[in-house]
Structures are given as C-alpha cells and as structure tokens.
Amino acid sequence: MSTETYWQTSGTSDRQQMIDKDNIVLVSWDSVRADHLPLYGYDRNTTPNLEALAEDGLVFNDPQVPAVGTPASFTGMFSGEHASGSMEYPNPQHWREANADRTFLPEVLQDEGYHTGGFHYNALVSSSFGWNRGWDVYEDHMWDADDSTESGWKKRAHDALQQAGMGNFVVDLKRTAEGKTPPTWEDMWADIESFIEEAPEPFFLWVLLIDTHHPYYVPEEHHKWDQPGIRSTYAWNYAMRRHRNLVGERRNGIVNAYDNTIRYADTFVGELTERLEEAGHGDAPLIVHSDHGDEFGEHANYGHRPLMYDTVTRVPLVMDNVGESGRIEGPTSLLDLGSTILDLAGSAERLGDRPSLLGDERSDRDYVTVQNVMEDGKRMAAAVGAEWKVLYHPEGDWGAKRFDEESWEAYYRPEDPMERDNRWGDHPVELEEALVEQLNADLSEVSSGDEDLDEATEERLRELGYIE
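Criteria and cut-off values
Residues numbered from 1 in each chain as written. Predicted model: local features only at pLDDT ≥ 70, side-chain atom pairs only at ≥ 80, totals over all residues. Heavy atoms only, no water. Core = buried A, V, L, I, M, F, W, Y, C linked by side-chain atoms within 4.5 Å. Buried < 20%, exposed > 50% of the residue type's maximum accessible area, 1.4 Å probe, protein only. Helix = DSSP H or I, 4+ residues; strand = E, 2+ residues; numbered from the N terminus. Phe/Tyr/Trp six-rings, centres within 6.5 Å; stacked < 30°, edge-to-face > 60°. Axes fitted to C-alpha atoms, helices over the stretch in contact; angles between N-to-C directions. Parallel < 35°, antiparallel > 145°, perpendicular 65-115°, else oblique. Contact = heavy atoms within 4.5 Å. Nonpolar A, V, L, I, M, F, W, Y, C, P; charged D, E, K, R; others polar. Pairing = 2+ DSSP bridges. Salt bridge = Lys/Arg side-chain N within 4 Å of Asp/Glu carboxyl O.

Regarding the nonpolar core
Trp 29, Ile 192, Leu 205, Phe 268 and Leu 272 are the most contacted members of the largest nonpolar core, which has 45 residues in total. Listing elements by their share of this core, those giving two or more residues are strand 1 (24-29), helix 1 (48-55), helix 7 (189-198), strand 5 (203-209), helix 9 (251-278) and strand 6 (286-290). Counting 42 residues, the second-largest nonpolar core is a separate cluster that includes Leu 105, Val 108, Ile 287 and Val 322.

So, in structure tokens, the structure goes:
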C-alpha cells in the first residue's frame, strides 16, 4: 500500500521530509522445509492461509537458503553475501565480529526513511549477537521471565554437568518435568499489533516465528495431527537430536508435531493479513519464507545441523502485493531477498550487488550456491541447478551425519528428490566448477569468540539445541 505523508521526526526539522513509499512486511518461519507445504506438493493441508495468499501472489518453486542455521542464513539474506560466521560457534562475540563490516537490510531501510521493527524469540539473532543494528524497535524477548538455571549452587551444578556433556540433558529433563510450553507467536502478538497501529509510515515489519523450531509443540487446540503431550515432546526432542537410533516408530509422531507447528504458524499469517487490512495496510507487500528446513532421519539426522541436502536448504518463498503473480521456476537464492525488499522500498541500493527477484532484475540462473563455514575454516557447500545438485561435505562429525572422509555428491533432482542416489560423475561439469569456485572463495577469518554467555541467552540456546 502506498502510504500517506510521513513526517520523519527523529532529528532536527531540516531532516523532515515527505515520503511516499510502501509499508513492507516480512514473515520468517524458522526451520520450515518446502516439501511440507501443499504449495510444494505435500499431501497435508498445513498452510491454508498461505495457499490463499498465493492465489494472487508470486510463488518461487525452488528457493535455496544462503546457509543452514538461523544466523548464517539471515546474514546472507540481510547482507547479500554468504556468511563468514560459523554455526559451530554460537557465541555473541563470534557473530558480532563476523558481521562487523557488513551492512544489514534494516540499516539501509532506515536510511531510506523507513521506521523498522523486528520481533522474535530466537537468541541467535538477538541484540547480544549484534542483530539490533538498524532497528527502531527490536524485541528479541531475551529478558522475558524464563525458567533459567538461576544462580548459586544450581548454576554451579549446571555448569559442572555441562562440562560433563550433560548440560542439555538437564535442561530438557527440567522442561520435561515441569511441562512448560515453548513461547508462541501469540506471546508477542500485542507488540506486533501495537507496531502496526502506531508505527510512523513507511514502516518495515519483520517477524521471525520460532513456533516451527523443535521441540515442535504448539497449543493443544492446534494439534490437528496426533502428537505426544508436552512432557513426551521434550523427552523425544532430546532423543531425536542425540540418540537418533531410539526414534524408530516414534518418527510419525515427531513429523505430526512438526506439521502442527507449520499449521499454527500459518494461523499467524491469517491473523496478520486480517490485522493489516483492518489498519488500512492490506495492500502492503508481504513476503513469507523460511531460513532453513529440518531433517527427519532422511540423512541420519534430526533437526538442522548443517548439511547440504534439500531437506534443509530448500524452503518456501511466497510474495503478495509485489506487482507480479504466478510461479517462478528454477533455482532461486535467498541471498537476493534483501535486495528484493529494497526494490519494493523504491531504493536504488542493492545488498552485496545482488539483484532483486522482481521485474526486469530477475533472471533465470543456471545455478545458485549454499555455503556453511565449519570449524577451522572448513566449508561445506552446494551448487544447485534446475535438474542437478552437486555438494561437498568435509570430513568430520558435524553433529549430524558423520563423514569419515570428504564427500563429493551429485543428485539428479527430478528422479531423486530425497537425494539418496549419489551420481557423482554424471553431473554437468559447469556445476562442479561452480561448487569448487564457492569452496575456494575468499573467506574472512573470525575468532570462535570467548565471551561468556549471559544466563538467559545460554538457556534459550540450549532449548533450541544450539549448545550441546
């Protein structure tokens, strides 16, 4: 929607200016893989509201994330460049240093006259990790009341168990015993509503929903498919990520729980579009996407520790009110997301020299790339084409599938969507060249970070499984 006159009053009167721009809304779902949405062929109706949005919207058929893991992926999406930070180091100092010289999307939008607001519950993109740059309102809920391990002897005991590799076991056991449910989008809905009602225009609203992140538990009234209760959910959340051989027949219940979280996140889309309409912003560009997917044993992994398979790299991307409709075939990189939003804002700026995904700037790509930095500068990467995907995993146990030696893999996607039949040698040589080029691209050295985590951040990271 084109806004009314907006007076920028954050400085002296000579900075006041009339701006006629669109309000823009970005909804990010944490951990949602594309093939669990009916828009991408799933046989369950997990996203009725997104389906309705897509009827007159723009759907991208094969979006690939910049990286697997929330801060690595959003670094790419908000800067237009692959991350140099590593998911192996969930430390605030590491990520602040890794992104110190980058310009993030909200910073550019502020320069363009936008009032920016971000809302979420994910510690890895919290203020302590340096993600509050460029925001007029940034609510990461890190200081909300929680059930932390507190202080004194409880804290010392917890630290000792952490040193013995049992810290997460204690956290999960505690949550299992107490049966406390994870935070939901409803817990921050009042703040989001206030922003929509009160923010000066034009505004940029970003909401990251963590409801779809494990442990996969949403309010019981939203359990469309049968799943375990809250205590069993915590117990099996621990087991699936650390003792995968115990999952067995319980996999179906875990998948049901995951699908319930997606349908619950979809109810947010319905509530949001209704609220925007009521506030007179029904024509505002709206983008819905995910930062990465999740695995359910397809490659000996549960969750989303870095791997290069489509289960964790291919995500949904749907846009509405962007001046186009239909379906875009072929691989798309979410490295272009930030530039697309700047295009919608009427800005000539582009992040990382990446093009917009809209209009004349969008072009068919032969391939897009995905990259995760691991320990000691090692990298895993993928080059994704329309028919073939080639990828490389370095030797090591990355908390997911173990690779006893470096692994070069190629998959013919039309016949092998789950990427089980490695056909290295049959792939197009151009894709292999692109993969090698990505693996050899310049990479800034970043320290692992030795900053102590504050208690609230540590607790939240353990709950999300980022600290083992």
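So, next bit.
What to know about the packing of aromatic side chains
Applying the stated criterion to the full structure yields 21 aromatic pairs. Taking 5.2 Å as the distance between ring centres and 70 degrees as the angle between the ring planes, the aromatic pair formed by Phe 78 and Trp 206 counts as edge-to-face. Taken as a pair, Phe 78 in helix 2 (residues 70-79) and Trp 206 in strand 5 lie far apart in primary sequence, 128 residues in all. Using a relative accessible area of 1% as the deciding quantity, one classes Phe 78 as buried.

Digging into the packing of helix 1 against helix 9
Orientation of helix 1 relative to helix 9, taken along the N-to-C sense of each, is 50 degrees, at an axis distance of 7 Å. Of the possible angle classes, the one that applies to helix 1 and helix 9 is oblique. On helix 9, the residues touching Pro 48, Asn 49, Leu 50 and Leu 53 of helix 1 are Arg 263, Asp 266, Thr 267, Val 269, Gly 270 and Thr 273. Each residue belonging to the contact of helix 1 with helix 9 can be placed in one class, and the counts come to four nonpolar, four polar and two charged.

As for helix 11 (residues 337-344)
In terms of burial, helix 11 is largely enclosed, as seven of its eight residues are buried. Every buried residue of helix 11 is listed here: Leu 337, Gly 338, Ser 339, Thr 340, Ile 341, Leu 342 and Leu 344. Phi for Gly 346, located one or two positions after helix 11, is positive at around 80 degrees.

What to know about the pairing of strand 6
The buried fraction of strand 6 amounts to five of the five residues, a majority that puts the element mostly inside the structure. Going residue by residue along strand 6, you find Leu 286, Val 288 and Ser 290 tucked away on one face and Ile 287 and His 289 tucked away on the opposite face as well. Where strand 1 meets strand 6, five bridges bridge the pair, whose relative direction is parallel. When the bridges of strand 6 are listed, Trp 29 appears paired with Ser 290. In this structure, strand 6 lies alongside strand 9 (residues 317-320), joined through four bridges in antiparallel fashion.

Digging into the pattern of salt bridges
This model, assessed by the stated rule, comprises 23 salt bridges. Here Arg 275 ties to Glu 193 by a salt bridge, and the two come within 3.3 Å at their closest N and O atoms. With Arg 275 in helix 9 and Glu 193 in helix 7, this pair connects stretches of sequence that are 82 residues apart. Lys 389 is the salt-bridge partner of Glu 419, the closest N and O atoms lying 3.7 Å from each other. In this pair, Glu 419 is assigned in the loop between strand 16 (407-412) and helix 12 (429-439) and Lys 389 in strand 13 (residues 388-393), connecting sequence segments 30 residues apart. On the accessibility criterion, Glu 419 (2% relative accessible area) is buried.

Quick look at the sheet that holds strand 11 (residues 368-373)
Sheet architecture is open: four strands sit in the order 11-12-13-16, paired in antiparallel fashion. Lying at the two open borders of the sheet, with one neighbouring strand each, are strand 11 and strand 16. Sheet twist, expressed as the mean angle between neighbouring strand axes with direction ignored, is 10 degrees. The sheet contact formed by strand 11 and strand 12 (residues 379-384) spans six bridges and is antiparallel. Bridged to Val 373 within strand 12 is Arg 379. Docked against the sheet, helix 12 engages strand 11, strand 12, strand 13 and strand 16, running at close to 150 degrees with respect to strand 12.

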